Amino acid sequence: MNQPSTLQHHDLLIDGRRIRPSSGQYGVDLDPADETPIAEVALGNQADVDVAVAAARKAFDGWANMRAADRGRILYKFADLVEQHQEELVALESRDAGKPVGAVRRQDLPAVIDTIRYYAGWADKINGQVVPVRPDALTYTRREPMGVVGIIIPWNFPLMIGMWKIAPALACGCTLVVKPAEITPLSMLRAAELALEAGVPPGVFNIVTGKGSVVGEAIVQHAGIDKVTFTGSPSVGRGIMRGAAGNFKRITLELGGKSANLIFADANIDAAVRAAASGIFFNTGQVCSAGSRILVQREAYDEVVDKLANRAKTIRVGSPAAADTHMGPLVSSRQMKTVLDYVDIGKKEGAKLVTGGERLGSKGYFVSPAVFADVKHEMRVSQEEIFGPVASVIPFEDEQDAIRIANGTAYSLAAGVWSANITRVHHVANALKAGTVWINTYGYTDIRLPWGGSGDSGLGREHGDTAIEDFTEPKSIWLSLR
Ligand code: NAD
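The text that follows walks through the structure, step by step, so that each part is easy to find. Everything numeric here is computed off the predicted structure, so don't read it as measured data.

## A look at the site of the ligand
Thinking step 1. Around the ligand, the surrounding shell holds 28 residues, and the nearest of these are Trp155, Glu182, Ser233, Leu255 and Glu385.
Thinking step 2. In this structure, tryptophan 155 approaches the ligand through a side-chain N or O atom, which is 2.5 Å from an oxygen atom.
Thinking step 3. Here an oxygen atom of the ligand sits 3.2 Å away from a polar atom, N or O, in the main chain of glycine 232.
Thinking step 4. Within the complex, the protein chains bury 89% of what would otherwise be the 850 Å² of accessible surface of the ligand.
Thinking step 5. Among the elements of the structure, helix 7 (212-221), strand 10 (227-231) and helix 8 (234-244) are those that each provide at least two residues to the shell around the ligand.
Thinking step 6. A total of three residues in the shell around the ligand trace back to one element, the largest contributor, which is helix 7.
Thinking step 7. Residue composition of the shell around the ligand, by class: 15 nonpolar, seven polar and six charged.
Thinking step 8. Split by domain, the residues of the shell around the ligand number at least three in each of domain 1 (8-255) and domain 2 (260-448).

## Quick look at the pattern of salt bridges
Thinking step 1. Scanning the entire structure with this criterion turns up 34 salt bridges.
Thinking step 2. The residue arginine 57 makes a salt bridge to aspartate 226 at a minimum N-O spacing of 3.2 Å. Placement of arginine 57 in helix 1 (residues 46-64) and of aspartate 226 in the loop between helix 7 and strand 10 is noted, with a sequence separation of 169 residues between them.
Thinking step 3. With relative accessibility at 25%, the residue aspartate 226 sits in the partly exposed group.
Thinking step 4. Between aspartate 108 and lysine 99 there is a salt bridge; the shortest N-O distance is 3.1 Å. Like lysine 99, aspartate 108 is buried.
Thinking step 5. Counted as one network, the salt bridges with shared partners bring together Arg18, Glu88, Arg190 and Glu193.

## Some words on the packing of aromatic side chains
Thinking step 1. Tallied over the full model, the rule gives seven aromatic pairs.
Thinking step 2. Relative to phenylalanine 387, the ring of tryptophan 155 has its centre 5.4 Å away and its plane inclined at 75 degrees; by these criteria the two rings are edge-to-face. Remark: phenylalanine 387 occurs in the loop between helix 12 (380-383) and strand 18 (390-396) and tryptophan 155 occurs in the loop between strand 7 (148-152) and helix 5 (158-172); sequence separation between them is 232 residues. In terms of burial, tryptophan 155 and phenylalanine 387 fall into one category: buried.
Thinking step 3. In this structure an aromatic cluster arises from ring pairing among Trp164, Trp438, Tyr442 and Trp451.
Thinking step 4. For the cation-ring pair, lysine 99 lies above phenylalanine 157, with the distance from its terminal atom to the ring centre recorded as 3.7 Å.
Thinking step 5. Positioned above the aromatic ring of phenylalanine 471 is the side chain of lysine 227, whose terminal nitrogen or guanidinium carbon lies 5.4 Å from the ring centre.

## Examining helix 14 (residues 422-431)
Thinking step 1. The complete set of buried residues in helix 14 reads Arg424, Val425, Val428 and Ala429. Seen from one end, helix 14 has its buried residues packed into an arc of 125 degrees, which puts them on one side. Those residues of helix 14 that are exposed and angled more than 90 degrees off the buried face are Ile422, Thr423 and Asn430.
Thinking step 2. Residues of helix 14 that are buried make contact with strand 12 (260-263), helix 13 (399-406), strand 19 (414-418) and strand 20 (436-439).
Thinking step 3. Its side-chain oxygen 3.0 Å from the backbone nitrogen of threonine 423, asparagine 421 forms the N-cap of helix 14.

## Focus on the environment of arginine 18
Thinking step 1. Here arginine 18 shows up in strand 3 (residues 17-19).
Thinking step 2. A C-alpha to C-alpha distance of 20 Å links arginine 18 and glycine 212, two positions 194 residues apart in sequence.
Thinking step 3. Engagement of the side chain of arginine 18 in a polar contact is seen with the backbone oxygen of aspartate 11, the distance being 3.1 Å.
Thinking step 4. Separated by 2.9 Å, the side chains of arginine 18 and glutamate 193 make a polar contact.

## Remarks on the packing of helix 5 against helix 6 (residues 186-198)
Thinking step 1. Running from N to C, helix 5 and helix 6 cross one another at 45 degrees; their axes reach a closest spacing of 9 Å. Comparing the axis directions of helix 5 and helix 6 gives the class oblique. Every pair of crossing elements has a handedness; the one defined by helix 5 and helix 6 is right-handed. Counting all contacts with helix 5, which are made through Pro158, Leu159, Gly162, Met163 and Ile166, the residues of helix 6 involved are Ser187, Met188 and Ala191.
Thinking step 2. Considering only residue class, the contact of helix 5 with helix 6 consists of six nonpolar, two polar and no charged.

## What about the side chain of threonine 252?
Thinking step 1. Along the polypeptide, threonine 252 turns up in strand 11 (residues 250-254).
Thinking step 2. What makes threonine 252 buried here is its relative accessible area of 3%.
Thinking step 3. Within the local environment of threonine 252, its side chain forms a polar contact with the side chain of lysine 227, the two groups lying 2.6 Å apart.
Thinking step 4. Residue contacts for threonine 252: discarding those within four places in its chain leaves Lys227, Val228, Thr229, Phe230, Leu459, Arg461, Glu462 and Asp470.

## A look at unusual backbone geometry
Thinking step 1. Residue phenylalanine 248 is not a glycine yet carries a positive backbone phi of 50 degrees.
Thinking step 2. Within the secondary structure, phenylalanine 248 is located in the loop between helix 8 and strand 11.
Thinking step 3. Here phenylalanine 248 falls in the exposed class, since its relative accessible area comes to 67%.
Thinking step 4. You will see that asparagine 440, though not glycine, has its phi angle at about 55 degrees, which is positive.
Thinking step 5. A relative accessible area of 38% places asparagine 440 in the partly exposed class.

Criteria and thresholds
- Residues numbered from 1 in each chain as written.
- Predicted model: local features only at pLDDT ≥ 70, side-chain atom pairs only at ≥ 80, totals over all residues.
- Heavy atoms only, no water.
- Near = heavy atom within 4 Å.
- Polar contact = N/O pair within 3.5 Å; in protein donor to acceptor, adjacent residues only side chain to side chain.
- Areas by Shrake-Rupley, 256 points an atom, 1.4 Å probe, with all protein chains shown as cover.
- Helix = DSSP H or I, 4+ residues; strand = E, 2+ residues; numbered from the N terminus.
- Nonpolar A, V, L, I, M, F, W, Y, C, P; charged D, E, K, R; others polar.
- Domains from an automatic or database assignment.
- Salt bridge = Lys/Arg side-chain N within 4 Å of Asp/Glu carboxyl O.
- Buried < 20%, exposed > 50% of the residue type's maximum accessible area, 1.4 Å probe, protein only.
- Phe/Tyr/Trp six-rings, centres within 6.5 Å; stacked < 30°, edge-to-face > 60°.
- Lys NZ or Arg CZ within 6 Å of the ring centre and 35° of its normal.
- Arc of directions from axis to C-beta.
- Contact = heavy atoms within 4.5 Å.
- Axes fitted to C-alpha atoms, helices over the stretch in contact; angles between N-to-C directions.
- Parallel < 35°, antiparallel > 145°, perpendicular 65-115°, else oblique.
- Left-handed = near helix turned anticlockwise from the far one by under 90°.

In structure tokens:
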């Protein structure tokens, strides 16, 4: 007989209650720092998604038609509760995703709280317009909530990226079926409980945990879901686009990146190298906008490679729970294997591995920060997203050459440019194919600014008022004045 497990059990959260998955099965959630089990998490399936969608549909009218200011008030309360439970959520997120506790405390949680408050403020400002068309009619528009929204979340910023979608959808009056990544579900399960405590009615915010190929697929195919918003890989994004065609779901896709960080010889090199290092090594490189291609003007190339490698060597890789850790493990053994495979590919392609790129220890998914020099634009390590702590440093000759290389991948999420020449930075920023360009800085995001890309980086934008438009449908109304 199997020994009963002592691990904490996490059920699905549907219609305001924790319920067992219909399969009766649970997956084991591992700590990426030491590979020990942390929790057992429900493996949902199609039948569970059906139940969650039914709950979301039932709750829709009440939530969508609530006084908008009341919806906002509940979201403000939700933000307050997240703030009160900040340390608990920091600890959960850090352990589950292997993210350094200091970084989660400084960056993820403040962004989560800011996001909820920002959209709480939007709830009663989603206006229509009176559009004067002819004298014998009153013609106006309303923005109505999209309906039931499926939300599929990745593992690199489970709570923050999740909230980028959840907060505006709730503010607009939509109801939700949320699927966290199977390897990092804990923080979102806890946050949803806090949402209930804040007064979000049962059925408005449902969570079905489980596999992407099962739960994610069921969400994408479901005729009772009106929109899917997804952050993850381009290959899954492509499948979502196809699957959404069944009932013409609206979709928003935030996919990958191979962002170029351009350093001209006249830049403040020390500042550029500092930002370039955090641009690629922050969150162990598992960032969609990671500056994974560092393009350096020939005259400054050797200096940048040297300084970057020295910086990489000083990065403290270690336990996410330690306050002085700069870089934690990769999130999973699969992700570690991908990264180590790319290090081999880069070496075989003839790039020069200046430092790092090795597994550290035998427990946990730690890899030392890697810098490749002499990378050619055509190499796979320059074209393909690695999603790990691997910098490819590529030389360029002049502005035109830099723009050609920067724009020469399938991606277009973000880019950076470093130079003291004000005309040049504007010119280059305009020419770069990217949803976000940082000038003499790198990596900032804010919920008030549009976020997203095109091509393999996705479809549509999140954040700001774009998200409000995205979770609502306009309706035109004619009233006869005759
Ligand atoms: P992934 O696409 O495998 O998984 C993302 C989410 O999709 C998970 O919740 C997963 O369970 C689910 N999923 C998997 N298969 C599915 C399917 N067939 N149908 C529906 N859902 C499915 O991606 P990943 O490997 O977990 O994350 C890394 C990728 O995400 C990288 O390519 C990265 O660039 C991208 N990403 C992009 C952004 C952004 O803002 N653009 C942010 C974070 C990550």
